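Structural description and commentary
Each chain, letter by letter, is given below.
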Amino acid sequence: MTQLALIIDLNVCVGCHACVTSCKQWNTSGPAGYLSDDNPYGADPTGTFFNRVQSFEIGEYPNTETVHFPKSCLHCEDPPCVPVCPTGASYKREQDGIVLVDYDKCIGCKYCSWACPYGARELDEHMKVMKKCTLCVDRIYDESLPENERRPACVLACPTNARLFGDVHDPDSEVSVKIREEGGYQLMPEWGTNPANHYLPRRKQKITIHEDELIRADNPLRKEGTHPPQVIEEPTLDDVTSW
Amino acid sequence: MHPAFSVIFLTTLIGVGQGLFLALFTAQSYAAVGFISIDNPRLFYSVGSLLSLGFLIAGLFASFFHLGHPERAWRSAARWRTSWLSREVIALPVMMGIVFIYGLMHYMGWNPNIIGASNPLQGQLTLFVGILGTIVAFTLFLCTGMIYACIKFLQEWHTPLTVINYILLGTASGFMFATLYAAYMAPNLVTMYGTWTIIITLVALVTRVWALIRNARIKHRSSLQTAIGVRHTGIVQKSMGMMGGSFNTREYFHGTSPEFFNLMKWSFLVLVFPAALILLWLGLESETNGHYNTKLLALAFAVQYAGLVAERWFFFAQAKHPQNLYYQTVG
Ligand code: SF4
Ligand code: SF4
């Protein structure tokens, strides 16, 4: 079985919101209708989005780190939002695991949004139906697009390649390898929703350096007397090792 | 959660309707075994059923204001296998239908003895319909309560107490209304109804306070740590990703001050329980020559109903949705 999903690499996300704007642009222009906004330039703007980038500060000054955190529907493998829908408008596709809303069936009762612990669903205040990320289902299968563009708009827009798209059920896919080898994790595992989207954690590059590695103990210039003589008393690595 | 008035009125109004039906059937079953006698049963049951139906219809009407597309409401019966909301959508019209038939049968006198005329139990067909209606009334309470109780991460709701309180509070208000109704139609039933109202209200007080205590002690399982998956005790949101509001900032927060929130809690605790019970008691005591002070009884019902509206408001406002963790800082 296929389960399409996004992998978001928090190590590379710079919080530029390119995925947010490209998502909005693509999804407000499609045949499924607009994503409505109110007062976009006014005092109290509000609007419907599939994707948001949030920022968190970890730690206390001066030991802080900023984590930019893109969040959209995680296409849970056990989505609590689907069984609660009274009309069947919310469903999970068998063939690729994408969770979708049928805008023609949705009555706008908001119950599914209560049943999503991640706040991934937003009611469109003008179309009065529930909206959420579709994984760009209207472009990933579009054969009129060049093959490398058959990916979600956010993935194409990301300048740092923090967003990867693929089948998390195929153990050899790029995304599965990333999850496996780079510590991919799911959000709020406590609710058993088993999100398909995974996040890759911050990964620090660290090496351990010992003091005598910082000083070039066997500097030939010292031996030749053009530099001050050796300061280290003990034998150095070069003195005791036969390379 | 943000308390929506449509849902507050839906749940409280159908609660009265269901409770009133249960009260009517209680009287009929008492009368069937000869505990009580009703002077004009035909009118008593049919007008009572009509009033119960009125409450149910008013609740249904309120619920339409909750929907973005009320014209598609019929679709919501589709997923009864998985969705408690869908089950409620089916149970509510069934309840209305049974209340209507029950009232009509009494009014028309369609009441053959289906298990034999020699049986001491008379009026068997309506008794049978009444039992069916009782089952449906409890099913409807169950569906309404489970809509909230089944969402496991809304931990304030995820308890059997939610269903129990919907049953008890709805039934209490229905019996309260029945007491008032009986004061006009069958004064000899007022004591019986009044006593039941007091008993049910007191039991509801215990279970509702129990739920309050439980919720005050809740340890929420989700935290910022699990929400973004970073293992650090000091995580602060600096930006929720937008400067304005969104559905996420409107739907899941009650948006009132802690003082108002507490005021609502104490209002319902006072209005639903002691205030309503004292008024009811005074109403019951006001009997002179078989006549009651209906103003007092009406006031008792009104006070309790107002309290239930506050109770429902508080029920929603108290539930903390885990998505709120993602929406803490405008930026
Ligand atoms: S993230 Fe929310 S809306 Fe998306 S599948 Fe999971 S529960 Fe449903
Ligand atoms: S808002 Fe629409 S999709 Fe969500 S539960 Fe209601 S009918 Fe289903």
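Data block above holds the structure.
These remarks concern the structure in this document. (Residues numbered from 1 in each chain as written. Chains lettered and ligands numbered in written order. Predicted model: local features only at pLDDT ≥ 70, side-chain atom pairs only at ≥ 80, totals over all residues. Heavy atoms only, no water.)

Okay, the overall build of chain A next. Helix and strand content of chain A: 8 helices and 11 strands. Principal-axis analysis of the C-alpha atoms gives chain A an extent of 85 × 45 × 40 Å. Burial statistics for chain A: of 243 residues in total, 49% are counted as buried. For chain A, the accessible surface area stands at approximately 12100 Å², while carbon and sulfur atoms represent 52% of it. Seen as two clouds, the 24 positive and the 37 negative side-chain charges of chain A have centres 6 Å apart. (Helix = DSSP H or I, 4+ residues; strand = E, 2+ residues; numbered from the N terminus. Buried < 20%, exposed > 50% of the residue type's maximum accessible area, 1.4 Å probe, protein only. Areas by Shrake-Rupley, 256 points an atom, 1.4 Å probe, with all protein chains shown as cover. Lys, Arg positive; Asp, Glu negative; His and termini not counted. Charge placed at Lys NZ, Arg CZ, Asp CG, Glu CD.)

Looking now at the site of ligand 2. Close to ligand 2 lie 13 residues; C85, C106, C109, K110 and C112 of chain A are nearest. Considered class by class, the residues forming the shell around ligand 2 number 9 nonpolar, 3 polar and 1 charged. (Near = heavy atom within 4 Å. Nonpolar A, V, L, I, M, F, W, Y, C, P; charged D, E, K, R; others polar.)

Next up on the list: the nonpolar core. If you look at the biggest cluster of nonpolar residues, it comprises 163 residues, and the most contacted ones within it are A27, F44, Y148, W157, L189, Y193 and Y326 of chain B. Those residues in contact with A27 of chain B that lie beyond four places of it in its chain are I36, I38, F44, Y45, L189, M192 and Y193 of chain B. If you look at the next biggest cluster of nonpolar residues, it comprises 8 residues, including A5, V175, I179 and A196 of chain A. (Core = buried A, V, L, I, M, F, W, Y, C linked by side-chain atoms within 4.5 Å. Contact = heavy atoms within 4.5 Å.)

Scanning the model with the defined rule gives 35 aromatic pairs over all chains in all. On the basis of an interplanar angle of 75° and a centroid distance of 6.3 Å, the ring pair of Y45 of chain B and Y102 of chain B is categorised as edge-to-face. Taken together, the positions of Y45 of chain B in helix α2 (residues 41-64) and Y102 of chain B in helix α3 (residues 84-108) put the pair 57 residues apart, joining distant regions of the chain. Here the aromatic rings of F247 of chain B and Y252 of chain B are separated by 5.9 Å at their centres, their planes lie at 80°, and the arrangement is edge-to-face. The residues F247 of chain B and Y252 of chain B share a single accessibility class, namely buried. Ring pairs connect the aromatic residues Y111 and W114 of chain A together with Y148, W157, Y166, F315 and F316 of chain B, which therefore count as one cluster. (Phe/Tyr/Trp six-rings, centres within 6.5 Å; stacked < 30°, edge-to-face > 60°.)

Residues and elements named next belong to chain B. The terminal C-alpha atoms of α2, which comprises 24 residues, lie 35 Å apart, in line with the 34 Å expected from a rise of 1.5 Å per residue. Of the residues making up α2, those classed as buried are F44, Y45, S46, G48, S49, S52, L53, F55, L56, G59, A62 and S63. Structurally, α2 contributes buried residues whose contacts are with α1 (5-32), α3, α5 (160-185), α6 (190-216) and α10 (294-318). (Expected span 1.5 Å × (residues − 1).)

All names here are of chain B. Their axes nearest at 10 Å, the elements α1 and helix α4 (residues 124-149) cross at an angle of 155°. As judged from the angle between their axes, α1 and α4 are roughly antiparallel. In this structure, the crossing between α1 and α4 has a hand that is left-handed. Contact residues: α1 offers V7, T11, I14, G15, Q18, G19, F21, L22, F25, Q28, S29 and A32, while α4 offers T126, L127, G130, I131, G133, T134, A137, F138, L140, F141, T144 and Y148. (Axes fitted to C-alpha atoms, helices over the stretch in contact; angles between N-to-C directions. Parallel < 35°, antiparallel > 145°, perpendicular 65-115°, else oblique. Left-handed = near helix turned anticlockwise from the far one by under 90°.)

Moving on to α1 of chain B. Residue and element names in this part refer to chain B. Over its 28 residues, α1 runs 40 Å from end to end, which matches the ideal 40 Å to within 8%, given 1.5 Å per residue. Here α1 lies mainly inside the structure; 22 of its 28 residues are buried. Among the residues trailing α1, G34 stands out with phi positive, at a value near 80°.

Let us look at a nonpolar patch on the surface. Residue and element names in this part refer to chain B. Nonpolar side chains collect at one region of the surface, where L43, F100, I101, L104, Y107, M108, W110, Y184 and M185 lie side by side and expose about 870 Å² of accessible area between them. Counting residues per element, the ones that place at least two in the nonpolar patch are α3 and α5. Per-element tally for the nonpolar patch: the top contributor is α3, with 5 residues. Structurally, the position occupied by I101 is in helix α3. (Patch = residues over 30% accessible without salt bridge, like charges linked within 9 Å, V, L, I, M, F, W, Y side chains within 5 Å. Salt bridge = Lys/Arg side-chain N within 4 Å of Asp/Glu carboxyl O.)

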